[in-house]
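# Descriptive analysis of the structure
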Amino acid sequence: MNTKNFDRSRYTHFYNQMCRIREFERAAIKAKDENLVLGAIHPSIGQEAAAVGVCENLNKDDILLSTHRGHGHTLSKGADPKAMMLELLGKVGGNCAGKGGSMHIADFGVGMLGANGVVGANINIAVGAAHAIKLKGEDKIVACIFGDGAINRGPFLEGLNWAKVYNLPVLFVCEDNGYSATTNTSETTAGGGPVARAQSLGLEAETRDGNDVVGVDIVTKELIQRVKESGPHLLHLTTYRLGGHTSTDPAAYRPEGEADGKWSEDPVARCRLMLSEAGVSEDELAEIEAAAASEMNTVYELARDATFPPAADAYADVQDIGDPRKEAF
Amino acid sequence: MKTMSYLEAGREGLAEMMREDTSVWALGEDLGRGGVFGQYHGLQDEFGKDRIADTPISESCILGSAVGAAMMGTRPVVEMRFADFALCAVDELVNQAAKARYMFGGQARVPMVVREPSGMWRSSAAQHSQSLEAWYTHIPGLVVVMPSTPADNKTLLMESIRCDDPVVYLEHKDLWALEGPVDDDVAALPIGKARVARSGSDITLVSWSAMFHQAMQAAETLAEKNVNAEVIDLRTLWPWDKQCVFESVRKTGHLMVIHEAVQVSGFGAEITSTVTENVFRDLKSAPQRLAAPRIPISYAPTMENEVRITADQIVEAALKQTGK
């Protein structure tokens, strides 16, 4: 590795973010195993480099749309892990007031307009957000992250076509972990995949190693500039989901040894090795890891000890006109 | 005060809102050429292609992108061309638009209007004729508006655009050419307020959209037979003006709900049940529904007419119900 131009402080920060995501996911899985998280969670362990490499390049007022596997994206966009964990547990103080849970994590305060429980549904919403940015003449972009399964849904065609037709500032990111829920995506996908499909609609598109945080960082920075100058672009990041579809999915459908083999490409370990080779001391790396674990343990404890919202809150924030708490006339 | 058509009134309402508020814009297929019925005629000349946007035939993206644009603080008016085609965007309306505010704990507002030309006109068959309003009333988060007159089509469209909730706005295709008086300076009409269009003491006829006009015609005939029907134009189905209906039923003791949609699980069921639960003691007869049989809409007029409710049918049913 050429360490001469290596931005040590930037990637030390990236490593810190990746460790925070991993520890958040571990704490969430623990909370799920203890029945503190009641609904399903979709951990992103193994996909941290894609999340950090993309989202660390977004400004606070750039917009992010994410997926059901969105904890990493949301944290990297700047959301408070306390509010996120409270939401996973359905507690007071959660980002979504206990109404959404893991699959609907959102933090509008940092431009994160929501995870989505429907695969591919965020694509149309993202192009609409970009349409609004264009109408208002603002200088920001929308990053829309979806999985490989989403390219087989209609919004992938409709949304990418739309973004190109109106030349909207959207960076589409296909985070390809190889699995559509529990089925190998290659078994259910015709043709050349996300890049070929995007190119057929006139978008520039490219594939990168999604487990190489530096590579993702460099290409994202460049693509954001190009999105601002010339419209939508698709970035296809290959990665691997080191766990199951949900935290309780043993993923027995995977070929024996596949996941074990993939641990050798673990993006967190790869980043650590790279930093180590660049001269970051073992002490500093260990300190980052310990701080991340400690932070997320505190977050876990806070959420565990928090209270559920009162039942009456179920009637709030439905709608103004026709509000269920009052008669119309 | 001037006379204009239901279609022109809607167009004027949208144009006035676009002049008043630069965050209002419209998107849909063929809008630059005026829209499929001419509801947008001339608007692209005034407001440009960005604010009267021609879209691809991508219903899911038309509606879904409006959700994103609404969450970003603009006020999109979505044209779905035919109510039937909005079914290509059910996820975007039901799972996204209707849920975003709630699901995100109040962080989002989705101020959008989904215009869906609805109902039967001649020989358009099963995919261009449906009245699906009851579906939308079932979805928490949505407001459902169905204007029946030019004046209401202007005022209610303007109020729907001002509203911070997603509004399903169902205009009836058979009413486009209907002319009526529209005030130059439209006083705001709150969404959810019904109108007692004709006062009477013998039976309450509740309806909305095109069927309201059949109810009014029936009331004329009934008057000749010494039955004074009170006719209520509900105007909006969610929220619906329960108090207005209760008050009328307390007076007349007889309730009939007339709608163009299929009777089974139609909104008439909601109204008759709610009235029965709340003003049972004032009822002199079981509340009745007059609505379409549960069959798809045909092309040939002989068969198509089987799903039409006529003023004559309303008269006959009202005489039977009141025992006159």
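What comes next is a walk through the structure.

## What to know about the overall build of chain A
- A count of helices and strands for chain A gives eleven helices and seven strands.
- Its C-alpha atoms give chain A a radius of gyration of 20 Å, near enough to 20 Å, the size a compact globule of 329 residues would have.
- In terms of overall dimensions, chain A has a C-alpha envelope of 70 × 50 × 40 Å along the principal axes.
- Out of the 329 residues belonging to chain A, those deemed buried represent 57%.
- For chain A, the share of sequence-separated contacts (at least 6 apart) that also reach a separation of at least 24 residues comes to 74%.
- In the form shown here, chain A has an accessible surface area of approximately 12,700 Å², with 50% of it arising from carbon and sulfur atoms.

## Things to note about the packing of aromatic side chains
- Within this structure, the stated rule accounts for 14 aromatic pairs over all chains.
- Here Phe82(B) and Phe85(B) contribute two aromatic rings whose centre-to-centre distance is 5.2 Å and whose plane-to-plane angle is 55°, an arrangement assigned as tilted.
- For Phe82(B), a relative accessible area of 8% gives the class buried.
- Taken together, the aromatic side chains of Tyr6(B), Phe37(B), Phe82(B), Phe85(B), Trp121(B) and Trp176(B) make up a single cluster linked through ring pairs.
- Sitting over the face of the ring of Tyr300(A), Lys30(A) holds its NZ or CZ atom 4.0 Å from the ring centroid.

## Points about the interface of chain A and chain B
- The partner chain B presents 50 residues to the 45 residues of chain A that form the contact.
- Taken together, the two surfaces of chain A and chain B that pack against each other cover about 3,800 Å², and 62% of this comes from carbon and sulfur.
- At the boundary of chain A with chain B, the tally comes to 20 residue pairs in polar contact (both at pLDDT 80 or more).
- Here the element with the most residues in the side of chain A that touches chain B is helix H5 (residues 121-136) of chain A; it accounts for eleven residues.
- Class assignment for the residues of the side of chain A that touches chain B results in 24 nonpolar, 13 polar and eight charged.

## Digging into a nonpolar patch on the surface
- Among the surface-exposed residues, Leu87(B), Val90(B) and Trp135(B) lie close enough to one another that they form a single nonpolar patch of about 260 Å² accessible area.
- Looking at the secondary structure, you find Trp135(B) in helix H6 (residues 133-137).

## Things to note about the nonpolar core
- Formed by 87 residues in total, the largest nonpolar core has its most connected members in Phe146(A), Phe172(A), Met112(B), Leu234(B), Val245(B) and Ile271(B).
- Other than its neighbours up to four places away in sequence, Ile271(B) contacts Val206(B), Trp208(B), Leu234(B), Trp240(B), Val245(B), Leu255(B) and Val257(B).
- Counting 58 residues, the second-largest nonpolar core is a separate cluster that includes Ala51(A), Val54(A), Val268(A) and Ala303(A).

## Looking at helix H10 (residues 267-277) of chain A
Residues and elements named next belong to chain A.
- Here H10 has its buried residues at Pro-267, Val-268, Cys-271, Met-274 and Leu-275. Down the axis of H10, the buried set is contained in an arc of 125°. They therefore lie on one face. H10 presents Leu-273 and Glu-277 as exposed residues on the side facing more than 90 degrees away from its buried surface.
- The secondary structure elements touched by the buried residues of H10 are helix H1 (8-33), helix H2 (48-55), helix H8 (213-230) and helix H11 (282-305).
- Capping the start of H10, Asp-266 holds a side-chain oxygen 3.1 Å from the backbone nitrogen of Val-268, two or three residues further along.
- Within two residues after H10, Gly-279 carries a phi angle of roughly 100°, on the positive side.

## Describing the sheet that holds strand E3 (residues 170-176) of chain A
All names here are of chain A.
- Spatial ordering of the open sheet is given by E1-E2-E3-E7-E6, a layout of five strands whose pairing is parallel. The sheet terminates laterally at strand E1 (63-65) and strand E6 (204-209), the two strands that pair on one side only. The average angle at which neighbouring strand axes cross in this sheet is 20°, direction not considered.
- Bridging between E6 and strand E7 (residues 233-238) involves six bridges; their strand directions are parallel. Its bridge partner lying in E7, Glu-204 is registered against His-233.
- On the sheet, H5 packs against E1, strand E2 (142-147) and E3 and is oriented at approximately 175° with respect to E2.

## Digging into the pattern of salt bridges
Residue and element names in this part refer to chain B.
- In the structure shown here, the tally under the stated rule is 41 salt bridges over all chains.
- A salt bridge links Arg-33 to Asp-30, with the nearest nitrogen and oxygen atoms 4.0 Å apart.
- Judged by its relative accessible area of 60%, Arg-33 is exposed.
- The partly exposed category is assigned to Asp-30, whose relative accessible area is 30%.
- Residue Arg-115 is joined to Glu-171 by a salt bridge in which the shortest nitrogen-to-oxygen separation is 2.7 Å.

## Remarks on the environment of Pro324(A)
- By the element assignment, Pro324(A) lies in the segment after H11.
- With residues up to four places along the chain from it excluded, the contact list for Pro324(A) reads Tyr315(A) and Val318(A).

## What to know about H2(A)
- The buried fraction of H2(A) amounts to eight of the eight residues, a majority that puts the element mostly inside the structure.
- All buried positions along H2(A) are accounted for by Glu48(A), Ala49(A), Ala50(A), Ala51(A), Val52(A), Gly53(A), Val54(A) and Cys55(A).

## Topic: the side chain of Asp233(B)
Residue and element names in this part refer to chain B.
- Looking at the element boundaries, Asp-233 is found in strand E11 (residues 229-233).
- One buried charged side chain, Asp-233, makes no salt bridge at all; its nearest oppositely charged neighbour is Arg-195, positioned 4.1 Å away.
- Within the local environment of Asp-233, its side chain forms a polar contact with the side chain of Ser-148, the two groups lying 2.4 Å apart.
- Leaving out residues up to four positions away in the same chain, Asp-233 has contacts with Ser-148, Asp-152, Ala-194, Arg-195, Ser-207, Trp-208, Ser-209 and Phe-212.

Basis of the calculations
- Per chain, residue numbering runs from 1 following the sequence as it is written.
- For naming, the first written chain is A and the first written ligand is 1, with later ones following in the order written.
- Local features in this predicted model are restricted to residues whose pLDDT is 70 or higher, and side-chain atom pairs enter the listing and the counts only when it is 80 or higher, whereas totals over whole chains, interfaces and linings include all residues.
- Heavy atoms throughout the structure, all of them, feed into the side-chain values; hydrogens and water do not.
- Each helix is a run of H or I in the DSSP string that is no shorter than four residues. Each strand is a run of E no shorter than two, and both are numbered from the N terminus.
- Each radius of gyration reported is based on C-alpha atoms, and the globular scaling rule is 2.2 Å times the count of residues to the power 0.38.
- Remark: exposure states derive from per-residue accessible area (1.4 Å probe, protein chains only) relative to the maximum for the residue type, with buried under 20%, exposed over 50%, and partly exposed in between.
- Any two residues whose heavy atoms approach within 4.5 Å at even a single point are treated as in contact.
- All accessible-area figures derive from a Shrake-Rupley calculation using a 1.4 Å probe, and residue coverage is judged against the displayed protein chains alone.
- Only Phe, Tyr and Trp rings take part, Trp by its six-membered ring, and two of them pair if their centres are within 6.5 Å. Stacked means planes under 30 degrees apart, edge-to-face means over 60, and tilted covers everything else.
- Charges are assigned to positions over rings by a cutoff of 6 Å between ring centre and Lys NZ or Arg CZ, combined with an angular limit of 35 degrees from the ring normal.
- The buried area of a pairing is the accessible area, by a 1.4 Å probe, that goes missing from both parts when the two are put together, added over both.
- Side-chain atoms alone can form a polar contact between residues adjacent in sequence; in general such a contact is a pair of N or O atoms within 3.5 Å, and within protein one must be able to donate a hydrogen while the other accepts it.
- Residue type decides the class: Asp, Glu, Lys and Arg count as charged, Ala, Val, Leu, Ile, Met, Phe, Trp, Tyr, Cys and Pro as nonpolar, and the leftover types, Gly among them, as polar.
- Candidates for patches are residues over 30% relative accessible area with no salt bridge; among them, like charges are joined within 9 Å and nonpolar side chains (Val, Leu, Ile, Met, Phe, Trp, Tyr) within 5 Å.
- We define a salt bridge as a contact between a side-chain nitrogen of Lys or Arg and a carboxyl oxygen of Asp or Glu at a distance within 4 Å.
- Each nonpolar core is a collection of buried residues, namely Ala, Val, Leu, Ile, Met, Phe, Trp, Tyr and Cys, held together in the definition by side-chain atoms within 4.5 Å.
- To obtain the arc, one takes the directions from the helix axis to the C-beta atoms.
- At least two bridges found by DSSP between two strands is the condition for calling them paired.
- To get an axis, a line is fitted to the C-alpha atoms, and for a helix only the part in contact is used. The angle between two axes follows their N-to-C directions and goes from 0 to 180 degrees.
- Within this scheme the basic residues Lys and Arg register as positive and the acidic residues Asp and Glu register as negative, but His and the chain ends are omitted.

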